[in-house]
Amino acid sequence: MPRLRCNGVELRVEDFGSGPPLLCIMGLGASLETWVAQRDAFSARYRVILFDNRGAGESECPPPPWTVPEMAADAVGVLDALGIERAHVIGVSMGGMIAQEMAIGWPERIDRMVVAVSFARPDPLRRAFLLFRRWARLQGADLVHEGVANLPWLVSPRVLNDPDRLEEILGVVGAMPLMAADAYSHQIGAILEHDTLSRLRAVRAPTLVLAAAEDVLTPLMLSREIADAIPGARLQVLPQGNHAVQIEDPEAFNEAVLRFLAE
């Protein structure tokens, strides 16, 4: 897959489909393989641009410190490298934080924006979760085992008790290149410093904030906080699915995104 220099960092980028550009930004530790359930649905109507955030997948791991605004500059750099002036943007989890910073810092580059299962700032529980995961990885915890241990934060009990569905989701996770512990730590460091709440009133892009009814990692109250802060934003709660809702319930996720982008 091609690697493009974006904001001074080499990032793995995929560009396919035709139509209005749609930039998709993934979350903590995840690579572009995680969009597997969206690729065909989105590319049937849009020119879809996927990329690995710095340190994830096959992208370069530059020296720290990293910040969410710097990763937003990476995302803008992807558009620059492809000659795209303006695009729809969807961000999931940490990707939603990156999208928020894009909308604040580069408003002219965004047409419509979807912020899914994300937050405007980490509260004490989210901070504790992130700090524990960073500590575990830096202490040498096996990435696969540590990820499996955290599955109840990511998928619903319904999936955890369905061996076939769970195996399917673990297959998506297993397709991602393993992320180095230091890169994972740098991404968490950026999330811990993320705080857009007082600045979201500056967002002018029409915005859909997506929450999942069973999300325990970024529950509804955090999505409502974003939607309340962005002028004119719409909040939609998907009826089922935990934090990995775009994999767990892709039909509902894709329908919500595509309906909003088509308006």
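Residues numbered from 1 in each chain as written. Predicted model: local features only at pLDDT ≥ 70, side-chain atom pairs only at ≥ 80, totals over all residues. Heavy atoms only, no water.

1. A word on the environment of A87
Our working rule: Helix numbers and strand numbers start at the N terminus; a helix is a DSSP run of H or I with at least 4 residues, a strand a run of E with at least 2. Should any heavy atoms of two residues lie within 4.5 Å, those residues are counted as being in contact.
Here A87 shows up in strand 5 (residues 87-92). As for A87 and L22, which are separated by 65 residues in sequence, their C-alpha atoms are 5.5 Å apart. When sequence neighbours within four positions are dropped, the list of residues in contact with A87 reads P21, L79, R109, I110, D111 and R112.

2. Quick word on the packing of helix 2 (residues 68-81) against helix 3 (residues 94-105)
Operational definition: Angular values range over 0 to 180 degrees, each being the angle between N-to-C directions of two axes fitted as lines to C-alpha atoms, with helices fitted over their stretch in contact. For classification, angles of less than 35 degrees are called roughly parallel, those exceeding 145 degrees roughly antiparallel, those between 65 and 115 degrees roughly perpendicular, and all remaining angles oblique. Amino acid classes used here: Ala, Val, Leu, Ile, Met, Phe, Trp, Tyr, Cys and Pro are nonpolar; Asp, Glu, Lys and Arg are charged; the rest, including Gly, are polar.
Running from amino to carboxyl end, helix 2 crosses helix 3 at an angle of 75°, the nearest separation of the two axes being 8 Å. Between helix 2 and helix 3, the angle is such that the two are roughly perpendicular. Listed contacts from helix 3 to V68, P69, M71, A72, A75, V76 and L79 of helix 2 are M94, M97, I98, E101 and M102. Its residues assigned to classes, the contact of helix 2 with helix 3 comprises 11 nonpolar, no polar and 1 charged.

3. With respect to a nonpolar patch on the surface
Selection rule: Residues forming no salt bridge and having over 30% relative accessible area are the ones grouped into patches, like charges within 9 Å of each other and nonpolar side chains (Val, Leu, Ile, Met, Phe, Trp, Tyr) within 5 Å. Areas reported as accessible are Shrake-Rupley estimates using a 1.4 Å probe. Residue values count occlusion only from the protein chains shown. Salt bridges are defined as contacts in which a side-chain nitrogen from Lys or Arg sits within 4 Å of a carboxyl oxygen from Asp or Glu.
On the surface, a nonpolar cluster with roughly 350 Å² of combined accessible area is contributed by V144, V148, L170 and L178. For V148, the position within the fold is in helix 5 (residues 143-149).

4. Some details on the pattern of salt bridges
Short version of the rule: Note on classification: 1.4 Å probe, protein chains only; a residue is buried when its accessible area is under 20% of the maximum for its type, exposed when over 50%, partly exposed between these limits.
Applying the stated rule across the entire model yields 20 salt bridges. Between R234 and E263 there is a salt bridge whose closest N-O contact spans 2.8 Å. Taken together, the residues span a long stretch of sequence, with R234 in strand 8 (residues 234-238) and E263 in the segment after helix 11 (250-262) at a distance of 29 residues. The exposure class assigned to R234 is partly exposed, which follows from its relative accessible area of 38%. Taken together, the shared-partner salt bridges connect R3, R5, E10 and E60 into one network.

5. So, the sheet that holds strand 3 (residues 21-25)
For the record, the criterion: In this scheme, strands are said to pair when DSSP sees at least two bridges between them.
Pairing within the open sheet is mixed, and its 8 strands lie in the order 1-2-4-3-5-6-7-8. Pairing within the sheet leaves two strands with one partner each, and these edge strands are strand 1 (3-6) and strand 8. Each neighbouring strand pair of the sheet contributes to a mean axis angle of 25°, computed without reference to strand direction. Of the strand pairs in this sheet, strand 3 and strand 4 (residues 47-51) are connected by 4 bridges, and their pairing is parallel. When the sheet's bridge partners are listed, P21 is paired in strand 4 with R47. Sheet strands touched by helix 9 (residues 220-229): strand 6 (110-116), strand 7 (207-212) and strand 8. Its angle to strand 7, the strand with the most contacts, is close to 170°. Across the sheet, helix 11 is in contact with strand 3, strand 5, strand 6, strand 7 and strand 8; its angle to strand 6 comes to roughly 155°.

Functional significance is not addressed by these values, which are geometric in nature.
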